[in-house]
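Listed below are the residues making up each chain.
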Amino acid sequence: MTTSNPPKSNANHFFAITPPGMETIAAAELAALSAHEINPIAGGVEFTASMDTMMRINLRARCITRVLLRLASFKALSFPELYNKSKRIDWQRYLAEGSAVALRASCHGSRLLHSGRVEQAVFDAIRDGSIQVTAGGDEGGQQILVRVDKDQCTISIDCSGERLDRRGYRLHSGMAPLRETIAAAILQWIDWQPEEVLLTPMCGSGTFAIEAALMAAKKAAGSTHDFAFLHWPCLKEKRWQRIKEKSEAMVVGQPKVQILASDLDGRMLAQARQNANDAGVAGLIDFSVLDIAKLMPTAANGLILVNPPYGGRIEADARAVYAQLGKLFRERFSGWRMVVVVPDQGCERALAVPVKRRLKVKHGGHWVHVLHLEHE
């Protein structure tokens, strides 16, 4: 899918990294945030945008992991050629004196096969361009990515800094928690609106409920984030302040929303409540200690969103948990929608509920299916 939006004259080329399977959802979100020439590909979304739009996307996007700015793309058949062409980049726009840089290179089907030498050539080009920089570790500085594929070299700089799924509120987590970006993407995929009652049983660290509350309050996902672009010499501080002020003006103080989060484990629920408090949305979520067997509808219709424990996360048979969940849904929740994360076909069969549609995403290094069920 490539959008037909015309590019802006001051457009830059970017790449938004997403968890595999979420590319189309992220593309729709980028379009809503005024990106152009949007093209989802494996692992992310290519797009063009102004620098102001890039800042807004980093601040407000909920489904992407990182934004990269494409600095240059050229053919390189030797390390001297790579060095000379890398040196032409206006590094002074992005790196201040004394900056630490973390270079990461990948090489595929090219004459330049040694990723370490590729990294060193680009580092030397930056350093010899009159900027005094130091070598940082993997997470120790401004990330610069170099990809050499069939002798074509693409150099990108990270705009985001720490991964965008790290919102800053989930300091207390259970086993194998769902990433914030995946939870937000599922809410967008199912088109949940604040007017719809939301039940999140087996809530664990509370990610579904918290992301829903943030959406209802229209609070920017990256409101507490220290973005890499904030440290670039080319940053237009007044423009960034204007973007932040507009985002803050959108916040709804007390949205009308009914989000109920429950878990049988009281200690886990206390952690979820603390996470919600850190996110500033504790007042929008009703937390309760509750056995899933006692879950009851609170309205004529609504949405159940659940990521049951499975695999190494529990000792009991995961299929029994899914069978119980399916039975509960069939017997009590006529007129409701349910979204459930399943790890395999056996658990899906145990639900014994027809699947309306599905989303396949990679979570924790494994592919899982997100199922949309609807009970007439």
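Residues numbered from 1 in each chain as written. Predicted model: local features only at pLDDT ≥ 70, side-chain atom pairs only at ≥ 80, totals over all residues. Heavy atoms only, no water.

Let's talk about the environment of V45
Next, step 1: Tracing the sequence through the fold places V45 in strand β3 (residues 44-49).
Next, step 2: In the structure, V45 is positioned 315 residues away from K360 in sequence and 17 Å away in space, judged by C-alpha atoms.
Next, step 3: Setting aside residues up to four positions removed in sequence, V45 forms contacts with F14, F15, A16, E23, A26, A27, L30, I38, N39 and P40. (Helix = DSSP H or I, 4+ residues; strand = E, 2+ residues; numbered from the N terminus. Contact = heavy atoms within 4.5 Å.)

Comments concerning the pairing of strand β12 (residues 303-306)
Next, step 1: Of the two faces of β12, the one holding L303 and L305 and the one holding I304 and V306 are both buried throughout.
Next, step 2: Where strand β9 (residues 198-200) meets β12, 2 bridges bridge the pair, whose relative direction is parallel. Within the sheet, the bridge partner assigned to L198 lies in β12 and is L303.
Next, step 3: Relative to strand β13 (residues 337-342), β12 runs parallel, the two being bridged by 4 bridges. (Buried < 20%, exposed > 50% of the residue type's maximum accessible area, 1.4 Å probe, protein only. Pairing = 2+ DSSP bridges.)

What to know about the side chain of S160
Next, step 1: Looking at the element boundaries, S160 is found in the loop between β8 (152-158) and α5 (180-189).
Next, step 2: One polar contact links S160 to N58, side chain to side chain, over a distance of 2.6 Å.
Next, step 3: Within the local environment of S160, its side chain forms a polar contact with the backbone nitrogen of V67, the two atoms lying 2.9 Å apart.
Next, step 4: Setting aside residues up to four positions removed in sequence, S160 forms contacts with N58, R66, V67, H225, D226, F227 and A228. (Polar contact = N/O pair within 3.5 Å; in protein donor to acceptor, adjacent residues only side chain to side chain.)

Points about the sheet that holds strand β15 (residues 366-374)
Next, step 1: Spatial ordering of the open sheet is given by β11-β10-β9-β12-β13-β15-β14, a layout of 7 strands whose pairing is mixed. Unpaired on one side and paired on the other, β11 (285-289) and β14 (355-363) mark the two borders of the sheet. Ignoring strand direction, the axes of neighbouring strands in this sheet form an average angle of 20°.
Next, step 2: Relative to β15, β13 runs antiparallel, the two being bridged by 6 bridges. Looking across to β15, one finds that V339 is bridged to H372. (Axes fitted to C-alpha atoms, helices over the stretch in contact; angles between N-to-C directions.)

Here we look at the pattern of salt bridges
Next, step 1: Within this structure, the stated rule accounts for 15 salt bridges.
Next, step 2: With a shortest N-O distance of 3.8 Å, D52 and R239 are connected by a salt bridge. Taken together, the residues span a long stretch of sequence, with D52 in helix α2 (residues 51-60) and R239 in helix α7 (residues 237-249) at a distance of 187 residues.
Next, step 3: For the salt bridge of E162 with R166, the shortest nitrogen-to-oxygen distance reads 3.7 Å.
Next, step 4: The exposure class assigned to E162 is partly exposed, which follows from its relative accessible area of 43%.
Next, step 5: One salt-bridge network, in which partners are shared between bridges, spans D124, R127 and D128. (Salt bridge = Lys/Arg side-chain N within 4 Å of Asp/Glu carboxyl O.)

Some remarks on the nonpolar core
Next, step 1: Counting 66 residues, the largest nonpolar core has I186, W192, V281, I285 and V340 as its most contacted members.
Next, step 2: If one sorts the elements of this core by residue count, helix α6 (residues 207-217) sits on top with 9 residues.
Next, step 3: Discounting chain neighbours no more than four positions away, the residues touching I186 are L178, F208, L305, V339, V341 and V370.
Next, step 4: Grouped together as the second largest cluster of nonpolar side chains are 58 residues, A61, L71, A76 and A121 included. (Core = buried A, V, L, I, M, F, W, Y, C linked by side-chain atoms within 4.5 Å.)

Concerning empty space enclosed by the protein
Next, step 1: By the definition in use, this model includes 1 cavity of 30 Å³ or more.
Next, step 2: If you add up the space inside the largest cavity, you get close to 40 Å³.
Next, step 3: Taken together, N58, A61, L164, R166, R167, A221, G222, H225 and F227 make up the full set of residues lining the largest cavity.
Next, step 4: Across the lining of the largest cavity, the residue classes tally to 4 nonpolar, 3 polar and 2 charged. (1 Å grid on protein atoms, 1.4 Å probe; cavity = no way out; pocket = protein on both sides within 12 Å on 5 of 7 lines; lining within 4 Å. Points joined across faces, edges and corners; volume = space filled by probe spheres on them. Nonpolar A, V, L, I, M, F, W, Y, C, P; charged D, E, K, R; others polar.)

Here we look at helix α1 (residues 23-32)
Next, step 1: Every buried residue of α1 is accounted for by E23, I25, A26, A27, E29 and L30.
Next, step 2: Those residues of α1 that are buried lie in contact with β1 (12-17), β2 (36-41), β3, α2, α5 and β14.

Quick notes on the pairing of β1
Next, step 1: The sheet contact formed by β1 and β3 spans 6 bridges and is antiparallel. Paired with A16 across the strands is V45, a residue of β3.

Section: the packing of helix α3 (residues 79-87) against helix α4 (residues 115-127)
Next, step 1: One way to put it is that α3 packs onto α4 with a least axis distance of 8 Å and a crossing angle of 40°. As judged from the angle between their axes, α3 and α4 are oblique. Seen along the crossing, α3 lies across α4 with a hand that is right-handed. In contact with F79, L82, Y83, S86 and K87 of α3, α4 contributes R117, V118, A121, V122, D124 and A125.
Next, step 2: Of the residues that constitute the contact of α3 with α4, the class distribution is 7 nonpolar, 1 polar and 3 charged. (Parallel < 35°, antiparallel > 145°, perpendicular 65-115°, else oblique. Left-handed = near helix turned anticlockwise from the far one by under 90°.)

Note that every value here comes from positions in space, so none of it alone points to a role or purpose.
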